[in-house]
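Chain residues, written in single-letter form:
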Amino acid sequence: MTWFASGPASVALDLGVTDWAASLDALPVATLGVDRAGRIVAVNPAAAQLLGCAREALLGTPLESLVPVADCARQEQHRASFTPEGAPRWMAASPEVPLLRPGGVARYVKVGLGAITLREGDFVVATLIDQSARHELHRRTQQVLETSPAVVCVWQQRPDGSVCMPFTSPSVEALYGVTREELARSAEVVLQRVHPEDRPRVLESIAASARDMSPWRCTYRVQVPDQPTRWVEGHSMPTRDADGTISWVGTVMDVTERHRAEALIAETRAQLDNALEAARAYTFMIDFVTGKVHYDARAPQLFGLAPSALAHYTVAELGTLSHPDDRPMIRAQVAEVLAGRETEVALTHRLRHSNGEYLTFSLRGRVERDDEGRALRLYGAGADVTREQQALSALRQSEARFRQLAESIREVFWLADARDGTIEYVSPAFEAIWGRACEALRANPSLWFDAVHPEDQPRVRAAVARSASDGYTEEYRIVRPDGAVRWIRDQAFPVRGPDGVASRVAGVAEDFTERRELEAQLRQTQKMESVGLLAGGIAHDFNNWITVISNNCELLLEALSPSEPRDLVEEVLDAAQRASSLTRQLLAFSRRQVVEPRVVALDAVIADTEKLLRRLLGEDVSLRSDLAASTRPVLADPGLIVQVLMNLAVNARDAMPRGGSLTLSLRNVVLGPGDPTLPAAQAPGAWVVLTARDTGEGIAPEVLSRIFEPFFTTKAPGRGTGLGLSVVHGIVA
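Just so it is clear, the structure is predicted and the values come from calculations on it, not from any experiment.

Draft legend 1. Molecular detail of the overall build of the protein. Scanning the protein from terminus to terminus reveals 22 helices and 26 strands. Scored against the burial criterion, the 733 residues of the protein give a buried share of 36%. If you take every contact in the protein between residues at least 6 apart in sequence, the share linking residues at least 24 apart comes to 49%. Approximately 41700 Å² of the protein is accessible, and the part contributed by carbon and sulfur atoms is 55%.

Written out as structure tokens, the structure is:
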């Protein structure tokens, strides 16, 4: 290939190729000499360095071998323009072309060509200007434009009012749904795809920017067919050309997500403001570096101050608005923060409102520290909790009154969860009645049922199961840890909420063991009194008849001679005397016997009766006395006391068929009000207790409640009348 046809060169030198090539070494610009065939005949050091080859390796090499195949056609066009119509000429540097270095790495250069004539003939001078850095910058810029989500563009408005976008980055097609080629011709479609509600505002902003040549900025919505509406934001700077064309160079970016986030932030901020307003709360920031304290706009309003009153508030002034008694606490908290000992701050203090009233505020904050632990800022919030504090104080007073009431009554007050039976509260009386700790019951609610007598448990459990719906009233027995059995009357009531559903069950349980025993005693007394009235009436009439029989038998015996049969009359008289003794016991039981009370010493009565008692007891039963010294005298009928001792001795003897001992003891006691041993309807005071204790088999529990009933006996038929203890009861009671 020849690079140019024969013809006069542009420059002629009287030099040979060798000298000319040597002269090129002094040039700082990379320069090559090429002959008419396109072979390299001269290489200066700058060119060798640029091409990364030794000079010897380049000499004789076709220049075109350094151009990649893909760029040969473009290089050929450049070469052809060098020799229009075969006449070589000097020409400016070509567009950037790559030249290959060893290893196939391209170096981008601009090539300038010129013709020169030497002694050996015509040659071409090729200057190489390195454009690699510029090319790399251009490549990276293009890469940024192609990958950036923002559209980089030029918007032009021609003098006739038409618009176009001669340059746009690739992302414009995704944003507006229009090709770059279409936009280069006309950008009317961009205006058409602006949301109708936003279009007048966008056009007005463009007109204002063109009129004032001011920066253009606008946020608006874009509607592309078959795509969701998107928010975009544009920024550009206008310039005016000589022909009146205005060009805006700038960016347009899809800010849909940002707009959504901003809307969410605005909504959240509005919600926060509403919440702070409803909670009568404010936010603050204490800057320990500048010493400033920053409050939001709600704080002065809550404090009753002017809006600007807190504008210059400082750390040194902290606490000056608070109650004098609270200021040391606030200063101590600040000192703790500055000393690095506190990260979280929480305190409640009183603040004087402008109306003179003290309000209560609750503050919470978090400390921001630097890498060395120094306090930088404290971010926090405060809330007016005056009403809550007042309500809490009233609640505490109410709770105190409730506890005072619940803990002072003898009954057990309790609260339980209606769903799972968890004990929420039980009054201290539980410990006194159940004999178990309240804490143990709260930890294990089954302790309540475990204490219920086994015979009563099924009934109690059934009642508890329906307590949330109907409540219950039950009487049952409990067994204390010490084995004592107590009778409980338990009443439960469902506590319902506004929806009518029971959330809790409240109850009151009372120990009515004593009352139950008193009621039993009352019933027994009434029964005994009824029987006594009946027995007394019968005994009175019967005694009259016995007196007639006895008197007639005695008269008959006096009238009979010793030779006449007297044994039958004597048996009748003996039976009459026994009947008379029975009548006296009935009269004693019914309290119709003539009583002659006087002041007597019971120890003397016992001493006088010992001989009689020993004969009654027999040889197998010993009698012992345990009489306290200085026993108080009592008001009683000595004869009836003897009757009591005899009846007790007979009962004791019959209870010890194989022998034993009977001990009679006396002791002084003082019985106060409520003493369980104090007889019913009797006044408290000084009493003398007479006790008869034998070593017999004892009384079976099932008959213990009946021992004072008249005619009740556990002895074999014919061995007892059942009046022994009844008479004792009638005399003593």
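Draft legend 2. How the structure looks around the environment of Ala297. In this fold, Ala297 is placed in the loop between β13 (292-295) and α11 (298-303). Put simply, Ala297 and Phe284 are 13 residues apart on the chain and 9.8 Å apart in space, counted from C-alpha to C-alpha.

Draft legend 3. Spatial organisation of the sheet that holds strand β16 (residues 375-384). One open sheet accounts for five strands, arranged β13-β12-β16-β15-β14; its pairing is antiparallel. The sheet terminates laterally at β13 and β14 (344-352), the two strands that pair on one side only. On average, adjacent strands in this sheet sit at an angle of 25 degrees to one another, irrespective of strand direction.

Draft legend 4. Examining helix α1 (residues 17-24) more closely. Considered for burial, the residues of α1 that qualify are Val17, Trp20, Ala21 and Leu24. Considered in projection along α1, the buried side chains sweep an arc of 100 degrees and stay on one side of the axis. In this structure, the buried residues of α1 make contact with β2 (30-35), β3 (40-43), β5 (106-118) and β6 (121-130).

Draft legend 5. Representation of the side chain of Gln156 within the structure. Looking at the element boundaries, Gln156 is found in strand β7 (residues 151-157). Of the polar contacts made by the side chain of Gln156, one reaches the side chain of Ser247; its length is 3.3 Å.

Draft legend 6. Looking closely at the nonpolar core. Grouped together as the largest cluster of nonpolar side chains are 26 residues, with contacts concentrated most on Trp155, Met165, Tyr176, Tyr220, Trp248 and Val252. Residue assignment for this core shows that the elements contributing at least two residues are β7, β8 (163-168), α6 (172-176), α8 (188-192), α9 (199-212), β9 (216-222) and β11 (246-254). Counting residues per element, this core draws most heavily on β9, at four residues. Leaving out residues up to four positions away in the same chain, Trp155 has contacts with Val163, Cys164, Met165, Ala187, Val190, Leu191, Ile246, Ser247 and Trp248. Membership of the second largest hydrophobic core comes to 24 residues, among which are Trp434, Ala451, Tyr472 and Ala509.

Draft legend 7. A look at the packing of aromatic side chains. Tallied over the entire structure, the rule returns 15 aromatic pairs. Note on Trp414 and Trp448: the rings are 5.7 Å apart at their centroids and 65 degrees apart in plane angle, and the pair reads as edge-to-face. Taken together, the positions of Trp414 in strand β17 (residues 412-417) and Trp448 in helix α16 (residues 446-450) put the pair 34 residues apart, joining distant regions of the chain. Ring pairing ties together the aromatic residues Tyr282, Phe284, Tyr295, Phe303, Tyr313 and Phe361, which thus form one cluster.

Draft legend 8. Up close: the sheet that holds strand β20 (residues 485-496). Spatially, β18-β17-β21-β20-β19 is the arrangement adopted by the five strands of the open sheet, whose pairing is antiparallel. Strand pairing shows two members of the sheet lacking a second neighbour, β18 (423-426) and β19 (472-479), which therefore form its edges. Strand-to-strand twist of the sheet, defined as the mean angle between neighbouring strand axes without regard to direction, takes the value 25 degrees. Sheet analysis places β19 next to β20, joined by eight bridges and oriented antiparallel. In the sheet register, Glu475 faces β20, and the bridge partner there is Arg489.

Draft legend 9. Highlighting the pattern of salt bridges. If you walk through the whole model with that rule in mind, you get 36 salt bridges. Between Asp511 and Arg486 there is a salt bridge whose closest N-O contact spans 2.8 Å. Placement of Asp511 in strand β21 (residues 502-511) and of Arg486 in strand β20 is noted, with a sequence separation of 25 residues between them.

Draft legend 10. Fine view of the side chain of Ser427. Residue position: Ser427 is located in the loop between β18 and α14 (429-434). We classify Ser427 as buried; its relative accessible area is 0%. Here Phe413 takes part through its backbone nitrogen, which lies 2.9 Å from a polar atom of the side chain of Ser427.

Draft legend 11. How the structure looks around the confidence of the model for the protein. In this model, the protein carries a mean pLDDT of 81, and residues with pLDDT of at least 70 account for 86%. This model gives residues 1-9 a pLDDT under 50, and the stretch forms 33 contacts once residues within four places in sequence are excluded. Considering only residues more than four positions removed or in separate chains, one finds that residues 82-92, a stretch of pLDDT under 50, has 34 contacts.

Conventions used here
- Residues numbered from 1 in each chain as written.
- Predicted model: local features only at pLDDT ≥ 70, side-chain atom pairs only at ≥ 80, totals over all residues.
- Heavy atoms only, no water.
- Helix = DSSP H or I, 4+ residues; strand = E, 2+ residues; numbered from the N terminus.
- Buried < 20%, exposed > 50% of the residue type's maximum accessible area, 1.4 Å probe, protein only.
- Contact = heavy atoms within 4.5 Å.
- Areas by Shrake-Rupley, 256 points an atom, 1.4 Å probe, with all protein chains shown as cover.
- Pairing = 2+ DSSP bridges.
- Axes fitted to C-alpha atoms, helices over the stretch in contact; angles between N-to-C directions.
- Arc of directions from axis to C-beta.
- Polar contact = N/O pair within 3.5 Å; in protein donor to acceptor, adjacent residues only side chain to side chain.
- Core = buried A, V, L, I, M, F, W, Y, C linked by side-chain atoms within 4.5 Å.
- Phe/Tyr/Trp six-rings, centres within 6.5 Å; stacked < 30°, edge-to-face > 60°.
- Salt bridge = Lys/Arg side-chain N within 4 Å of Asp/Glu carboxyl O.
- pLDDT = per-residue confidence, 0-100.

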